[in-house]
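# Examination of the molecular architecture
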Amino acid sequence: MHGVNVSQSSSSPADRRLSALVRHLEGSSMDSANHSIAAAPTSGSTGARISVFDHVVRAPEDPILGVTVAYNKDPSPAKLNLGVGAYRTEEGKPLVLNVVRRAEQMLVNDSSRVKEYLPIVGLADFNKLSAKLILGADSPAIQENRVTTVQCLSGTGSLRVGAEFLARHYHQHTIYIPLPTWGNHTKVFGLAGLSVKTYRYYDPATRGLNFEGLLEDLRSAPSGAIVLLHACAHNPTGVDPTTHQWEQIRQLMRSKALLPFFDSAYQGFASGNLDADAESVRMFVRDGGECLVAQSFAKNMGLYGERVGALSIVCRTADVAGRVESQLKLVIRPMYSNPPIHGASIVSTILKDRTMFQEWTIELKAMADRIISMRQQLFDALRGRGTPGDWSHIIKQIGMFTFTGLNSEQVAFMRNEYHIYMTSDGRISMAGLSSRTVPHLADAIHAAVTRVA
Amino acid sequence: MAPPDPILGVSEAFKADDHEMKLNLGVGAYRTEDLQPYVLNVVKKAENLMLERGDNKEYLPIEGLAAFNKVTAELLFGADNAVIQEQRVATVQGLSGTGSLRLAAALIERYFPGSKVLISSPTWGNHKNIFNDAGVPWSEYRYYDPKTVGLDFDGMIADIKAAPEGTFVLLHGCAHNPTGIDPTPEQWERIADVIQEKSHIPFFDVAYQGFASGSLDKDASSVRLFAARGMELLIAQSYSKNLGLYAERIGAINVVCSTSEVAKGVKSQLKRIARPMYSNPPIHGARIVANVVGNSDLFNEWKEEMELMAGRIMSVRKKLYDSLSAKDNSGKDWSFILKQIGMFSFTGLNKAQTENMTSKWHVYMTKDGRISLAGLSSAKCEYLADAIIDSFHNVS
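Residues numbered from 1 in each chain as written. Chains lettered and ligands numbered in written order. Predicted model: local features only at pLDDT ≥ 70, side-chain atom pairs only at ≥ 80, totals over all residues. Heavy atoms only, no water.

### Re the overall build of chain A
A count of helices and strands for chain A gives 16 helices and 13 strands. For chain A, long-range pairs separated by at least 24 residues make up 75% of all intrachain contacts whose partners lie at least 6 apart in sequence. Accessible area for chain A stands at about 17,700 Å²; split by element, carbon and sulfur atoms hold 52% of it. (Helix = DSSP H or I, 4+ residues; strand = E, 2+ residues; numbered from the N terminus. Contact = heavy atoms within 4.5 Å. Areas by Shrake-Rupley, 256 points an atom, 1.4 Å probe, with all protein chains shown as cover.)

So, in structure tokens, the structure goes:
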């Protein structure tokens, strides 16, 4: 801002528009006689086309979703999108599960179905079934009515609603997130009003878990602080604690009354087994303590664009759960009133039908198995090329992503020379690979590691 | 324990009531003459088309379905409108009206800190919650005149004039909720004059385009009037009522800017607000709208179904008015019912009278005296007239 002395704290809307106008004029080559400082920006004068939104700068693309934007612009036939974690078939195509198509057909054919507003907390059946899926059908917390579950907009929406609730009603406003974590976590929690700190997680030296660092950092967290935990298939690293390590984490957290907030976006997708992938959450719930769980059906049911998820809050008593639910409604109503019905209806249809549920587990395991086989193929391809370095982390890491360990220069090199797209932290989505494209990726990694520091 | 939502809580109470004459005039969801929910035929056709095509379920971009964003802006302004031709509208798919209002509110909080929103007195109950949660201060402009059960136009103009320059003025594009009272075209011109004089920024809530008069263009005339003056404005749209897509949560926030460059900047910042809220919006409702509006046969069919819905509401208004006039001997003028437009009617009943409607007559409505005509059948008009007359005259 040149030449305009407007103090930020005391500027009125008119002053701000004036400064925007001045900034505009100083860059303008138009006849100055056309401009009157007093001209109201919204006054339809055809002179300067001044805008009240002039100070709204162009934001850069979201770093994760921006990868796909860049990929789409690339004309090369060899291009490969390993950015967003959306599953692709061996043919490189998006997949709608057969059981999902069937469920959808049933819904559309059912002439008794209506599109009336869902309750603020969402579809009741869906909520019950989602809670059972993550906590286990025989969970005492469910039987004792200590769990409130609200349908939300996939994982992101569940995290945001949970965070807003905590910012308003929980005594501690700091949340500890692992380093690194999904790129959107910090903004979700920050905008909800929580203050974000990190705990050590990934060890670049071992490309595994920095368990001692994790324990130290949680030990020094203030009592009652919130701790974000990836239930399985940590994003972006693919590094998960062992069962034994989870138990130690649980004991430490409970001894300091740290509040667990689970992000469960890959149940069934990590190991191929729904129960195994929920074990970390169930371990915490079994001890009778409280926790939050954000669930997403984007990946495990392939319902990405339908935005289906759920937030469950496990409370000490049924009475507390009831009151918590009433407050969750107050967060949701001014945000979007009530959640979208379509995705939740699909999930509910599948989860409540034994045959469809079985079919789903089979299709889910097939997706998980294909990813595990891509890991093996990439590992074998790098070993076959004699690529320097230990690449065993590729087969040790779990879930959709691999943290390659490549640095940002190497990532840029692979994009420019090989048309391979990934996030700048070196995370690749294994779901975007196929047997056909593994050699190209292996060549690119080999070149990046040998030619770029 | 939080209290139940004042609007959505009405339906919950209605469900719990087993009286045979009960009537739900709470939530604004359209009902047929048989008081059944209604899924439009064009919607069913669109869903079948979508299923046949085997569309995938990939993430939408943060700003939503491009085809939807295109048709929703064209529907609002007219495809040949200058704002569209000049690419000056930033359109982002939102979660129906509420979600679109919330994105706009967050934009205001971030880029116009300290600026207020002026909302009508009364207005939809959730407006203030949206601005409160978004951290945007608000105050009210006079709107409803209980003496005339009409518009307090002088009060409205005075309050808009008195607001500090650069205030966002929330206007209902048509079918004002909860009163059903809309400014006339001449009054809209005057409102636009005052807003321009004070360099205010108009912010339209358009939840009933096509549903009020039955004509999509007519119901958009207030918005188009402002756009034609070269003004910058915000408009939240909803397809809940006019396409019956309530539960699909489909709408959009549109920001008309002076230049296409500015529009690009605004759109990018709306995306930055949506990403940490829900990442990207749901596809299903967006695809339905894009398919209906983008196909000329379906579009024409939609217009016919919409005229039927709007027509049924206008006819129960008439029947209610006739019943009230015939049964009420006090000489009270009930014609405000005919003058009001859209789904709702502000009956002028006070809180105690409204409670009597529910406790004695099992008529469920919101405490501000609002009834949803969409929930009224021709067959029940006389019963409702009795209830209103009793509550009005025998309860204070």
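From this point, the narrative continues.
### Observations regarding the overall build of chain B
Along the backbone of chain B there are 16 helices and 13 strands. For chain B, the C-alpha radius of gyration of 21 Å lies close to 21 Å, the compact-globule estimate for 396 residues. The buried share among the 396 residues of chain B stands at 65%. Considering only intrachain contacts with a sequence separation of at least 6, the fraction spanning at least 24 residues in chain B is 75%. Summed over its atoms, the accessible surface of chain B is roughly 13,600 Å², and 51% of this surface lies on carbon and sulfur atoms. On chain B, the mean spot of the 42 positive side-chain charges and the mean spot of the 47 negative ones are 3 Å from each other. (Rg over C-alpha atoms; globule rule 2.2 N^0.38 Å. Buried < 20%, exposed > 50% of the residue type's maximum accessible area, 1.4 Å probe, protein only. Lys, Arg positive; Asp, Glu negative; His and termini not counted. Charge placed at Lys NZ, Arg CZ, Asp CG, Glu CD.)

### Quick notes on the packing of aromatic side chains
For the structure shown, the criterion picks out 31 aromatic pairs over all chains. With a centroid separation of 6.2 Å and an interplanar angle of 70°, the aromatic rings of A:Tyr87 and A:Phe269 are classed as edge-to-face. With a gap of 182 residues between them, A:Tyr87 in the loop between β1 (80-81) and α3 (98-109) and A:Phe269 in the loop between β8 (259-264) and α10 (274-286) connect regions that are remote in the sequence. Each member of the pair, A:Tyr87 together with A:Phe269, is buried. Arranged with centres 5.8 Å apart and planes meeting at 75°, the rings of B:Phe68 and B:Tyr239 form a pair that is edge-to-face. (Phe/Tyr/Trp six-rings, centres within 6.5 Å; stacked < 30°, edge-to-face > 60°.)

### Here we look at the UniProt feature "domain: Aminotransferase class I/classII large" (unreviewed entry) in chain A
Per the UniProt record, "domain: Aminotransferase class I/classII large" (unreviewed entry) is found at residues 79-445 of chain A. End C-alpha atoms of residues 79-445 of chain A are separated by 14 Å, and the span's content is 47% helix alongside 15% strand. (UniProt positions renumbered as here; feature names shortened; annotations may be inferred.)

### Some words on the environment of A:Leu229
Residues and elements named next belong to chain A. Structurally, the position occupied by Leu-229 is in strand β7 (residues 226-230). Of the residues examined, Leu-229 reaches a relative accessible area of 3% and is grouped as buried. Sequence spacing of Leu-229 and Val-161 is 68 residues, and the spatial spacing of their C-alpha atoms is 17 Å. When neighbours within four sequence positions are excluded, Leu-229 is seen to be in contact with Tyr-199, Trp-246, Met-253, Pro-260, Phe-261, Phe-262, Asp-263 and Phe-284.

### Describing the environment of B:Asp182
Residue and element names in this part refer to chain B. Here Asp-182 lies in the loop between β7 (168-172) and α8 (185-197). Separated by 143 residues in the primary sequence, Asp-182 and Ser-325 place their C-alpha atoms 23 Å from one another. For Asp-182, the residues in contact, after removing those within four places along its chain, are Tyr-143, Cys-174, Ala-175, His-176, Gln-187 and Ile-341. A polar atom in the side chain of Asp-182 sits 2.6 Å from the backbone nitrogen of Ala-175. In this structure the side chain of Asp-182 is engaged in a polar contact, spanning 2.9 Å, whose partner is the backbone nitrogen of His-176. (Polar contact = N/O pair within 3.5 Å; in protein donor to acceptor, adjacent residues only side chain to side chain.)

### Remarks on the pattern of salt bridges
As a working rule, side chains carrying opposite charge can pair if their charged atoms are close by. For the coordinates displayed, the defined rule picks out 44 salt bridges over all chains. Among the salt bridges present, the one from B:Glu248 reaches A:Lys115, with a minimum N-O distance of 2.7 Å. Of the two residues, B:Glu248 sits in the loop between β9 (233-238) and β10 (251-256) while A:Lys115 sits in the loop between α3 and α4 (124-135), which places them in two different chains. Comparing B:Glu248 with A:Lys115, the two get one shared label, buried. (Salt bridge = Lys/Arg side-chain N within 4 Å of Asp/Glu carboxyl O.)

### Some details on helix α6 (residues 126-134) of chain B
Of all the residues in α6(B), the buried ones are B:Asn126, B:His127, B:Ile130, B:Phe131 and B:Ala134. Projected down its long axis, α6(B) carries its buried residues within an arc of 140°, all on one side. Where α6(B) is buried, its residues touch α11 (318-336) of chain A together with α5 (96-111), β3 (117-121), β4 (138-142), β7 and β8 (201-206) of chain B. In the segment just after α6(B), B:Gly135 is the residue with positive phi, at about 80°. (Arc of directions from axis to C-beta.)

### Digging into the packing of helix α2 (residues 41-53) of chain B against helix α12 (residues 283-294) of chain B
How two helices pack is summed up by the angle between their axes together with the distance between the axes. All names here are of chain B. Axis separation between α2 and α12 bottoms out at 9 Å; the angle between their running directions is 105°. Here α2 is positioned roughly perpendicular relative to α12, judged by the angle of their axes. Where α2 approaches α12, its residues Val-42, Val-43, Ala-46, Glu-47, Met-50 and Arg-53 are matched on the opposing element by His-284, Arg-287, Ile-288, Asn-291 and Val-292. (Axes fitted to C-alpha atoms, helices over the stretch in contact; angles between N-to-C directions. Parallel < 35°, antiparallel > 145°, perpendicular 65-115°, else oblique.)

### Brief notes about the interface of chain A and chain B
Between chain A and chain B, the contact holds 77 residues from the first and 82 residues from the second. Contact with chain B buries surface across chain A, with A:Phe53, A:Lys115 and A:Tyr117 losing the most and accounting together for 13% of the total. At the boundary of chain A with chain B, the tally comes to nine salt bridges. The salt bridge partner of A:Glu61 is B:Lys271, with a shortest N-O separation of 3.6 Å. Run the count over chain A and chain B and you get 34 residue pairs in polar contact (both at pLDDT 80 or more). Listing elements by their share of the side of chain A that touches chain B, those giving two or more residues are α1 (13-26), α3, α6 (154-169), α7 (185-192), α11 and α12 (341-352) of chain A. Counting residues per element, the side of chain A that touches chain B draws most heavily on α11(A), which supplies 11 residues. Counted by class, the side of chain A that touches chain B contains 38 nonpolar, 17 polar and 22 charged residues. (Buried area = accessible area lost by both parts, 1.4 Å probe. Nonpolar A, V, L, I, M, F, W, Y, C, P; charged D, E, K, R; others polar.)

### Overview of the side chain of A:Asp62
As for its placement among the helices and strands, A:Asp62 is situated in the loop between α1 and α2 (65-73). Here B:Arg275 takes part through its side chain, which lies 2.8 Å from a polar atom of the side chain of A:Asp62. Not counting residues up to four positions away in its chain, the partners in contact with A:Asp62 are A:Val67, B:Ile62 and B:Arg275.

### Focus: the packing of helix α3 (residues 66-77) of chain B against helix α10 (residues 221-228) of chain B
Residue and element names in this part refer to chain B. Between α3 and α10, whose axes approach to 8 Å, the crossing angle comes to 90°. As far as their axial angle goes, α10 and α3 are roughly perpendicular. For the pair α3 and α10, the contacting residues are Leu-75, Leu-76 and Phe-77 in the first and Val-223, Arg-224 and Ala-227 in the second. Here the residues of the contact of α3 with α10 are counted per class, giving five nonpolar, no polar and one charged.

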